[in-house]
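Reading the structure
Listed here are the chains, written in short residue letters.
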Amino acid sequence: LAQMGERHPANRANVLANLGRVHLDLAEPTTARARFEEALGLAEQTDTHGLMGEIYYGLGEAALLENDVEHAARRARQALANAASSRQRIELGLGQRLLARVAALQPDLVPEGSPSALFTQSEITLRETGDREELAQSLLAHAQHLGQTQGDAKHMRALQREAHALFTDLGMQWRIPGPT
């Protein structure tokens, strides 16, 4: 990895961002944040704007895992701004989902809209991109929010069914949460 960084810093930034995502999946926010911060430094040096939205999103997710909701809100807005300026629709959907999760935890930090409205916007954006894995993640996050707030149970089950079907089609059943 170090040799790659000397010759190909943009590639190293991409690898580090991918490692950050792995550490998020493992619920290791401190390590994830370190990988994303290193990736961000390289992405800024090499003017790799296409990767920065994903990095901001990852930093925001790590902040949520560490219960730093204000930091997550800042990173969500950075992810959204970067996605808008670079016209990256998937990263836009990720930023919308992150902002929705922040709104669900601390609504006063997010005047942009209600959690459900932001989750719905994320789902619309990700449907347009065709990224079924990220769409399924947004559907599950939205369903979880509805479950925690005693929201529309019928809508919650529909979101869960759609996410389950998407993950099954993708061969990613391990992403489907077990009974709680």
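Residues numbered from 1 in each chain as written. Predicted model: local features only at pLDDT ≥ 70, side-chain atom pairs only at ≥ 80, totals over all residues. Heavy atoms only, no water.

**Here we look at the overall build of the protein chain**
Tallying secondary structure elements over the protein chain gives 9 helices and 0 strands in all. Scanning the protein chain from its N terminus toward the C terminus, one meets helices and strands in the order α-α-α-α-α-α-α-α-α. Taking 2.2 N^0.38 as the reference for a compact globule, 180 residues should give roughly 16 Å; the C-alpha atoms of the protein chain span a radius of gyration of 16 Å, in line with that estimate. By its C-alpha atoms, the protein chain is 55 × 40 × 30 Å across when sized along the principal axes. For the protein chain, with 180 residues in total, the buried portion stands at 44%. (Helix = DSSP H or I, 4+ residues; strand = E, 2+ residues; numbered from the N terminus. Rg over C-alpha atoms; globule rule 2.2 N^0.38 Å. Buried < 20%, exposed > 50% of the residue type's maximum accessible area, 1.4 Å probe, protein only.)

**Structural notes on the side chain of Glu-123**
Within the secondary structure layout, Glu-123 lies in helix α7 (residues 115-129). For the buried residue Glu-123, which engages in no salt bridge, the nearest side chain bearing the opposite charge is Arg-127, 4.9 Å off. A polar atom in the side chain of Glu-123 sits 2.7 Å from the side chain of His-142. Beyond its immediate sequence surroundings of up to four residues, Glu-123 is in contact with Leu-135, Ser-138, Leu-139, His-142 and Leu-159. (Lys, Arg positive; Asp, Glu negative; His and termini not counted. Salt bridge = Lys/Arg side-chain N within 4 Å of Asp/Glu carboxyl O. Polar contact = N/O pair within 3.5 Å; in protein donor to acceptor, adjacent residues only side chain to side chain. Contact = heavy atoms within 4.5 Å.)

**Some details on the confidence of the model for the protein chain**
Of all residues in the protein chain, 94% have pLDDT values of 70 or greater, and the mean over the chain is 91. Element-level pLDDT for the protein chain is lowest in helix α1 (residues 2-7), with a mean of 55, against a maximum mean of 96 in α7. (pLDDT = per-residue confidence, 0-100.)

**Concerning the nonpolar core**
Grouped together as the largest cluster of nonpolar side chains are 38 residues, with contacts concentrated most on Phe-36, Ile-55, Val-102 and Val-110. Only α2 (9-25), α3 (29-45), α4 (49-65), α5 (69-86), α6 (89-105) and α7 provide two or more residues apiece to this core. Here this core gets 9 residues from one element, more than from any other, and that element is α4. Apart from residues no more than four positions distant in its own chain, Ile-55 is found in contact with Ala-17, Phe-36, Ala-39, Leu-40 and Ala-43. (Core = buried A, V, L, I, M, F, W, Y, C linked by side-chain atoms within 4.5 Å.)

**Things to note about the side chain of Asn-82**
When you line up the elements, Asn-82 lands in helix α5. Residues contacting Asn-82, with those up to four places away along its chain left out, are His-49, Met-52, Gly-53, Tyr-56 and Gln-88.

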